[in-house]
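Report on the structure
Spelled out from the first residue to the last, the chains are:
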Amino acid sequence: MPQISQIAATWASQLFWLLLTFGIVYFFIGRGMATKVQATVDQRDQSVADDLAAAEAARVAADAAEETWRGHENAAREAAQKKLAEARSTAAQATEQQLSAAGGEMDAKVSEAEARITAASQAAQGEIEAVAAEAAQDIVARISGAQVSAAEAQAAVKVALNG
């Protein structure tokens, strides 16, 4: 059979063209495109690494900025607390002064009122003694018919009231 005798020549020819095609494909893809693909992959890896480094640097900068901000915030809070304490102290002193002034005015008014009460009490006591002395003179005159002087009646009323 002649077809069988051609198998070796056909296989050899097909094997040659197969190897030649694979060689050309390997040469163009392996040497040409693979290096470009590898360069692209390396570039992408480098870009990712650069982005990660930039992100880490930004995080460190943000942490430093946050720490600085917290320091300023704490300093501002302490300053505000000091001002608040000073304001409370000033308000307490002003209130104390106002209370002291009001207390002094009230003490003066109370003293004045006590003086008026004492004066009114003494005036009332004097009037009571005068009325009692007159009543004593009238009673002695009506009961015994004797005349008692106003000074004697006042002296007797004072002794009776005081003691």
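As the structure is a computational prediction, the values presented were derived from the model and not from experiment. (Residues numbered from 1 in each chain as written. Predicted model: local features only at pLDDT ≥ 70, side-chain atom pairs only at ≥ 80, totals over all residues. Heavy atoms only, no water.)

1. Regarding the overall build of the chain
In terms of regular secondary structure, the chain is built from 3 helices and 0 strands. The helix and strand sequence of the chain, counted from the amino end, reads α-α-α. Over its C-alpha atoms, taken along the principal directions, the chain stretches across nearly 195 × 35 × 20 Å. Expressed as a percentage of the 163 residues in the chain, the buried residues total 2%. Across the chain, 13 positive and 21 negative side-chain charges occur, with their mean positions spaced 12 Å apart. (Helix = DSSP H or I, 4+ residues; strand = E, 2+ residues; numbered from the N terminus. Buried < 20%, exposed > 50% of the residue type's maximum accessible area, 1.4 Å probe, protein only. Lys, Arg positive; Asp, Glu negative; His and termini not counted. Charge placed at Lys NZ, Arg CZ, Asp CG, Glu CD.)

2. So, the side chain of E129
Following the sequence through the fold, E129 ends up in helix 2 (residues 7-143). The charged side chain of E129 is buried without a salt bridge, its nearest counter-charge being K158 at 4.4 Å. When near neighbours in sequence (up to four residues on either side) are disregarded, E129 contacts V157, K158 and L161. (Salt bridge = Lys/Arg side-chain N within 4 Å of Asp/Glu carboxyl O. Contact = heavy atoms within 4.5 Å.)

3. Here we look at the packing of aromatic side chains
Inspection of every chain in the model, using the stated rule, returns 2 aromatic pairs. Judged by centre distance (5.2 Å) and plane angle (70°), the ring pair of F16 and W17 falls under edge-to-face. Residue class for F16 comes out partly exposed when judged on its relative accessible area of 47%. Taking the centre distance of 5.8 Å and the plane angle of 65° together, the rings of F27 and F28 count as edge-to-face. For F28, a relative accessible area of 53% translates into the label exposed. (Phe/Tyr/Trp six-rings, centres within 6.5 Å; stacked < 30°, edge-to-face > 60°.)

4. Topic: the environment of S144
Here S144 lies in the loop between helix 2 and helix 3 (150-162). With 83 residues separating them along the chain, S144 and A61 place their C-alpha atoms 120 Å apart.

5. Overview of the pattern of salt bridges
All told, the structure shown has 5 salt bridges when counted by the stated rule. Between E56 and R59 there is a salt bridge; the shortest N-O distance is 2.5 Å. Highlighted residues: E56 and R59, both in helix 2, separated by 3 residues, approximately one helical turn. Of the charged contacts, one joins E66 and R70 as a salt bridge, the two residues approaching to 2.9 Å between their closest N and O atoms. Here E66 and its partner R70 are both found in helix 2, 4 residues apart, which amounts to about one turn of the helix. Here R70 falls in the partly exposed class, since its relative accessible area comes to 38%. Here the salt bridges share partners, and the residues they tie into one network are E56, R59 and D63.

6. So, helix 2
In the structure, helix 2 departs most strongly from a straight axis at A34, where the bend amounts to approximately 35°. Trailing helix 2 by a residue or two, G145 shows a phi angle of about 80°, which is positive. (Bend = angle between axes of the 7 residues up to and from the residue.)

7. Overview of a nonpolar patch on the surface
Taken together, the side chains of F16, W17, L20, I24, V25, F27, F28, I29 and M33 make up a nonpolar region of the molecular surface, amounting to roughly 920 Å² of accessible area. Within the element layout of this structure, V25 appears in helix 2. (Patch = residues over 30% accessible without salt bridge, like charges linked within 9 Å, V, L, I, M, F, W, Y side chains within 5 Å. Areas by Shrake-Rupley, 256 points an atom, 1.4 Å probe, with all protein chains shown as cover.)

8. What about the UniProt feature "transmembrane region" (unreviewed entry) in the chain?
UniProt annotation of "transmembrane region" (unreviewed entry) refers to residues 6-29 when read in the numbering used here. Secondary structure within residues 6-29 divides into 96% helix and 0% strand; the distance between the first and last C-alpha atoms comes to 34 Å. (UniProt positions renumbered as here; feature names shortened; annotations may be inferred.)

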